[in-house]
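So the chains spell out like this:
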Amino acid sequence: MKNSQCIFVVSGVVQCVGFRYHTSRQAQALDISGYAMNLNDGRVEVLAVGEMEQINKLYAWLQIGPASATVDHVVKYDVTEADLRVVRVGEFKIL
């Protein structure tokens, strides 16, 4: 299957609560590559690269997050062909 790419921007209490760590573990369990990165405004950006079915499972998880976080909102952006990111397959980074 063709790999898809999506960017999620998660808002709420998602910094300093282990959100990126738990996201990386969830992504790895779903065979998703990409990254989780804190933004300066308190949100977290997640790039997910993999099969769309698995990305949708991560999207559902992001809307809940780990017990230590409080997720208020998740915005999903599909990455267009022109804006595809280069990521190493099998690698999910915490930035």
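Residues numbered from 1 in each chain as written. Predicted model: local features only at pLDDT ≥ 70, side-chain atom pairs only at ≥ 80, totals over all residues. Heavy atoms only, no water.

- If you look the protein chain up in an unreviewed UniProt entry, it shows as acylphosphatase from Vibrio cyclitrophicus.
- In its Sequence similarities (unreviewed entry) section, the UniProt entry covering the protein chain states "Belongs to the acylphosphatase family." (UniProt positions renumbered as here; feature names shortened; annotations may be inferred.)

### Focus on unusual backbone geometry
Step number 1: A positive phi angle, close to 65°, is found at Cys16, a residue other than glycine.
Step number 2: With respect to the helices, strands and loops of the structure, Cys16 is situated in the loop between β1 (4-13) and α1 (19-29).
Step number 3: Overall, Cys16 belongs to the exposed group, its relative accessible area being 83%.
Step number 4: The residue Asp31 is not glycine, and still its phi comes out positive at about 60°.
Step number 5: Structurally, Asp31 can be placed in the loop between α1 and β2 (33-38).
Step number 6: The class for Asp31 is exposed, based on a relative accessible area of 64%. (Helix = DSSP H or I, 4+ residues; strand = E, 2+ residues; numbered from the N terminus. Buried < 20%, exposed > 50% of the residue type's maximum accessible area, 1.4 Å probe, protein only.)

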